[in-house]
Amino acid sequence: MVNTNAQQMPMQPLTIDFKKVIRTRTIMFDQEFDRMYCLDVVSALDKLIEYDKVMETPKHLLKVRFNIFAYGGQCDAFIALAHKIEQMQDMGYVVHTHNVSMCASCGFMLSIMGDYKTANEYSRYLNHQISAGVMGTFGEMETTTEEVRRFQETFRRIVKKHCPNVSDEELDRPYITNRDITYSAKEALEVGFIDAII
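Residues numbered from 1 in each chain as written. Predicted model: local features only at pLDDT ≥ 70, side-chain atom pairs only at ≥ 80, totals over all residues. Heavy atoms only, no water.

Chemist: Tell me about the overall build of the protein chain, and name the residues and values.
Modeler: What the protein chain contains, in helices and strands, is 7 helices and 7 strands. Sequence-ordered secondary structure for the protein chain, helices as α and strands as β, is α-β-α-β-α-β-α-β-β-α-α-β-α-β. In the protein chain, which comprises 198 residues, the share counted as buried stands at 40%. Here the analysis covers contacts within the protein chain between residues at least 6 apart in sequence; of these, 71% occur between residues at least 24 apart. Carbon together with sulfur atoms contributes 53% to the accessible area of the protein chain, which is approximately 11,600 Å² in total. (Helix = DSSP H or I, 4+ residues; strand = E, 2+ residues; numbered from the N terminus. Buried < 20%, exposed > 50% of the residue type's maximum accessible area, 1.4 Å probe, protein only. Contact = heavy atoms within 4.5 Å. Areas by Shrake-Rupley, 256 points an atom, 1.4 Å probe, with all protein chains shown as cover.)

Have a look at this one:
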C-alpha cells in the first residue's frame, strides 16, 4: 500500500540569500505575498535574530531594511510576516521599509510597518478594500465575508499602530468611495503613510 501523505511536494529551497541579508541587513521583497515566500522571509528574519544573539550584536546595530516592490497577495501570508516584524520591533530592532517603485495591497501594508518609512520620488502606493472570491453555500459565503471583515479590522489596527497621524477619514477612503486609492510618494508623505522621500 502506498502512503499518499509521503508523496507531498518537496520543500522548495529558500529564495532569500541569507548571507546577503547578514551582510547588508536588507531583504528585497519583490514577489507576491504567498505562503512559501513569506515563510522564507520569516525564516530569514528568525536566522538574523539568532545570528545577532550569537554574535551579541550591539543594540544600535539591530536593524533590518525591506526594499519593497510588491503588488500584494494572500492576507494570511502577510499576517505571518507582520507578526514577525512587530516581534522584532518589540525586541529593539529598527525596521526601515523603502518603496522602490510600487507597493500595492499587502505590499502597501508591509511598507507602512517600518519604524522609518521611505520612498523614491516616483514611487506609488495602492490602498484598497480587501478582495476575495466567494463561492459555495450561503453559510460558507457568510463565513468568508466575516473572515474578510476580520482581516479588514486587523489591517486597520496595523495602519493605526504604525501610522498614527493618518486620519480615520483617509484610512476609510477605499471603503467610503468604493474605489482603489493610489498615492504618489508625495501624497503618501502628506497623508502620513511615509516619513521621507529619498
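Chemist: Explain the confidence of the model for the protein chain to me, using residue names and the numbers behind them.
Modeler: Taken as a whole, the protein chain shows an average pLDDT of 87; of its residues, 89% reach a score of 70 or greater. This stretch, residues 1-13, has a pLDDT under 50; its non-local contacts, to residues over four places away or in other chains, come to 4 contacts. (pLDDT = per-residue confidence, 0-100.)

Chemist: Let's hear about the side chain of Thr 57: which residues, and what values?
Modeler: With respect to the helices, strands and loops of the structure, Thr 57 is situated in the loop between helix H2 (35-55) and strand S2 (63-70). Its relative accessible area of 19% is what places Thr 57 among the buried residues. A polar atom in the side chain of Thr 57 sits 2.9 Å from the side chain of Asp 52. Once residues within four sequence positions are removed from consideration, Thr 57 is found in contact with Asp 52 and Leu 62. (Polar contact = N/O pair within 3.5 Å; in protein donor to acceptor, adjacent residues only side chain to side chain.)

Chemist: Give me the lowdown on the pairing of strand S3 (residues 94-104), citing residues and values where you can.
Modeler: Of all 11 residues that make up S3, 8 are buried, and the element is covered over most of its length. Pairing of S2 with S3 involves 7 bridges; the strand directions are parallel. Residue Arg 65 lies in a different strand from S3, and its bridge partner there is His 96. Between S2 and its parallel partner S3, the chain crosses via helix H3 (residues 75-90), and the hand of that crossover is right-handed. Across 4 bridges, S3 lies against strand S4 (residues 116-119) in parallel orientation. The residue bridging Asn 99 from the neighbouring strand is Ala 119, located in S4. Note that the unit made of S3, helix H4 (residues 106-111) and S4 has a crossover that is right-handed. (Pairing = 2+ DSSP bridges. Right-handed = clockwise from strand over helix to strand, strands pointing away.)

Chemist: Kindly report on the packing of H2 against H3, identifying the contributing residues and their values.
Modeler: The contact between H2 and H3 brings their axes to 8 Å, and the two run at 15°. It follows that H2 is roughly parallel to H3 by the angle criterion. Where H2 crosses over H3, the two elements pack in a sense that is left-handed. The segment H2 lies against H3, with Arg 35, Cys 38, Val 41, Val 42, Leu 45, Asp 46, Leu 48 and Ile 49 engaging Ala 77, Phe 78, Ala 80, Leu 81, Lys 84 and Met 88. Here the residues of the contact of H2 with H3 are counted per class, giving 11 nonpolar, no polar and 3 charged. (Axes fitted to C-alpha atoms, helices over the stretch in contact; angles between N-to-C directions. Parallel < 35°, antiparallel > 145°, perpendicular 65-115°, else oblique. Left-handed = near helix turned anticlockwise from the far one by under 90°. Nonpolar A, V, L, I, M, F, W, Y, C, P; charged D, E, K, R; others polar.)

Chemist: Describe the pairing of strand S1 (residues 26-29), and please don't skip the residues or the numbers.
Modeler: Burial of the side chains of S1 is restricted to one face: Ile 27 and Phe 29 are buried, whereas none of Thr 26 and Met 28 on the reverse face is. Relative to S2, S1 runs parallel, the two sharing 4 bridges. Among the inter-strand pairings, Phe 29 is bridged to a residue of S2, identified as Ile 68. After leaving S1, the chain enters H2 and then returns to the sheet as S2, a path that is right-handed.

Chemist: Describe unusual backbone geometry, with residues and values.
Modeler: The backbone of Glu 56 sits at a positive phi, close to 50°, despite the residue not being glycine. Inspection of the secondary structure assignment puts Glu 56 in the loop between H2 and S2. Glu 56 gets classed as exposed once you look at its relative accessible area, which sits at 67%. Positive phi outside glycine occurs at Ser 105, with the angle close to 55°. Following the sequence through the fold, Ser 105 ends up in the loop between S3 and H4.

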